[in-house]
Amino acid sequence: HRRDPAQLDLDFAPRPRDAEELFNVLCGLGLRTIRRCRLTRNRNVMVSFGGGELRVHEGYLNAPTRVLEAIVTFVEGRTRADRRAAQQLIVGFPVRTPRTPVRREGTHADDEHIVDELTVWHRRYNMRHFNGRLRAIDIRVSRRMKSRLGHYTAAAPGEPAEIAISLAHLRKHGWEETLHTLLHEMVHQWQDEAGHTIDHGATFRAKARHVGVAPLARRALSAKPGRGLGFSTVNRRAARQG
Ligand SMILES: [Zn+2]
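Every residue gets a number counted from 1 within its own chain, in the order that chain's sequence is written. Since the coordinates come from a predicted model, pLDDT governs what is reported: local features require at least 70, and pairs of side-chain atoms require 80 or more to be given and counted, while whole-chain, interface and lining totals use all residues. Water and hydrogen atoms were dropped before computing side-chain values, which therefore reflect all heavy atoms in the structure.

Asker: How should I be thinking about the overall build of the protein chain in this particular structure?
Answerer: Numbering of helices and strands runs from the N terminus; a helix is a DSSP stretch of H or I covering at least four residues, while a strand is a stretch of E covering at least two. When helices and strands are counted, the protein chain shows 8 helices and 6 strands. For the protein chain, the α and β elements follow one another from N to C terminus as α-α-β-β-β-α-α-α-β-β-β-α-α-α. The buried label goes to any residue with under 20% of its type's maximum accessible area, the exposed label to any with over 50%, and the partly exposed label to all in between, with areas taken from a 1.4 Å probe on protein chains only. Here the protein chain, with 242 residues, has 42% of them falling under the buried criterion. Summarising the internal contacts of the protein chain: among those between residues at least 6 apart in sequence, 57% fall at separations of at least 24. Throughout, a residue-residue contact means that at least one pair of heavy atoms, one from each residue, lies within 4.5 Å.

Asker: Honestly, the packing of helix H2 (residues 19–28) against helix H3 (residues 65–76) in this entry has me stumped. Any pointers?
Answerer: In helix packing, the relevant descriptors are the interaxial angle and the interaxial distance, both defined with respect to the helix axes. Simply put, an axis is a line fit to the C-alpha atoms, just over the touching stretch for a helix, and the angle between two N-to-C directions goes from 0 to 180 degrees. Viewed as axis vectors pointing N to C, H2 and H3 meet at an angle of 80°, and their least axial separation amounts to 9 Å. As far as their axial angle goes, H3 and H2 are roughly perpendicular. Of H3, the residues touching H2 (which contributes Leu22, Val25 and Leu26) are Leu68, Ile71 and Val72. Class assignment of the residues belonging to the contact of H2 with H3 gives a composition of 6 nonpolar, no polar and no charged. Here roughly perpendicular refers to angles of 65 to 115 degrees, roughly parallel to angles under 35, roughly antiparallel to angles over 145, and oblique to all remaining angles. Each residue gets one of three labels, nonpolar for Ala, Val, Leu, Ile, Met, Phe, Trp, Tyr, Cys and Pro, charged for Asp, Glu, Lys and Arg, and polar for the others, Gly among them.

Asker: Before we go on, may I ask you to explain the pattern of salt bridges in this structure?
Answerer: A pair can form between side chains of opposite charge whenever their charged atoms are brought close. Should a side-chain nitrogen of Lys or Arg be within 4 Å of a carboxyl oxygen of Asp or Glu, the pair is scored as a salt bridge. Applying the stated criterion across every chain yields a total of 7 salt bridges. Across the pair Arg36 and Glu53 runs a salt bridge, and its minimum N-O distance is 3.3 Å. Taken together, the residues Arg36 in strand S1 (residues 36–40) and Glu53 in strand S3 (residues 53–57) connect sequence positions 17 residues apart. We classify Arg36 as partly exposed; its relative accessible area is 41%. Overall, Glu53 belongs to the buried group, its relative accessible area being 12%.

Asker: Where do I start with the sheet that holds strand S6 (residues 162–166) in this structure?
Answerer: Note on sheets: strands pair through backbone hydrogen bonds, and any given pair is parallel or antiparallel. Only strands joined by at least two bridges in the DSSP assignment are considered to pair. Pairing within the open sheet is mixed, and its 3 strands lie in the order S4-S6-S5. The strands lining the two open edges of the sheet, one partner per strand, are strand S4 (138–142) and strand S5 (150–153). Across the sheet, the axes of successive neighbouring strands diverge by a mean angle of 20°, strand direction being ignored. Bridge count between S4 and S6: 5 bridges; the pairing is parallel. Within S6, the residue paired with Asp138 across the bridge is Glu162. Together, S4 and S6 form the strand contacts of helix H5 (residues 112–130), whose direction differs from that of S4 by roughly 135°. Of the strands in this sheet, S4, S5 and S6 are in contact with helix H6 (residues 167–193), which crosses S6 at around 160°.

Asker: For this particular structure, what's the right way to read the packing of aromatic side chains?
Answerer: The geometry of two aromatic rings is summed up by the distance between their centres and the angle between their planes. When two rings of Phe, Tyr or Trp (its six-membered ring) have centres within 6.5 Å they constitute a pair, described as stacked for plane angles under 30 degrees, edge-to-face for angles over 60, and tilted for the intermediate range. Following the criterion strictly, the structure yields 3 aromatic pairs and no others. Seen in terms of ring centroids, Phe49 and Phe74 are 5.7 Å apart; in terms of plane orientation they differ by 90°. Their pairing is edge-to-face. Separated by 25 residues along the polypeptide, Phe49 in strand S2 (residues 47–50) and Phe74 in helix H3 bring together distant segments of the chain. Residue class for Phe49 comes out partly exposed when judged on its relative accessible area of 36%. On the basis of relative accessible area, Phe74 is assigned to the buried category, the value being 16%. Here the aromatic rings of Trp121 and Tyr125 are separated by 5.3 Å at their centres, their planes lie at 50°, and the arrangement is tilted. Of the two residues, Trp121 and Tyr125 are both situated in helix H5; the distance of 4 residues between them amounts to about one turn of the helix.

If you want it as structure tokens, here you go:
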């Protein structure tokens, strides 16, 4: 049968399953100066080495041989051009980070009607304040969220963006406040989709004023000292920028 280019990528050598097997495969491909291999999950670093140790993102366990060869060249390559070409091959391989189910709790079945209601309000606010331009988004009601009212999370590979709303917040402060929180998180959604930094800076404040969100509204669910900021948005982008 015909082989298409995608199939040429496939080779049928058994895939390494852990750091040690990967190390053995890489040694078979010419790795010399490395003594041990460690797998990482850091999405920002695909491959790095130093002190005799090679750190490789676990997603490369599934990489085809030519990508593994590139990792070897990245370490052992004689010329800068060789190493740069290898680097491009390495980062060109789509690393799939496994979904981490611990990161996101699902909405409790008893709270689904709240999600439905919030979804209706998301649509309504979208038309009213954003010209209907925001994307439809997953909304989740969280029973775990105790110190925060709401949370916008930007999309990541394999994970869509979402807005989470604290159930404790709804119980304690009621619908009106909760809808206010939804709108607050929608301003973060707007920041994200418009390519702005997700924060509470000048862009946020201007938009918040425009849509009628109190720009400095702060309220904590648990009065932990030093954690007065009720609204909190922590996502990769914000985290990266501190
Ligand atoms: Zn916020």
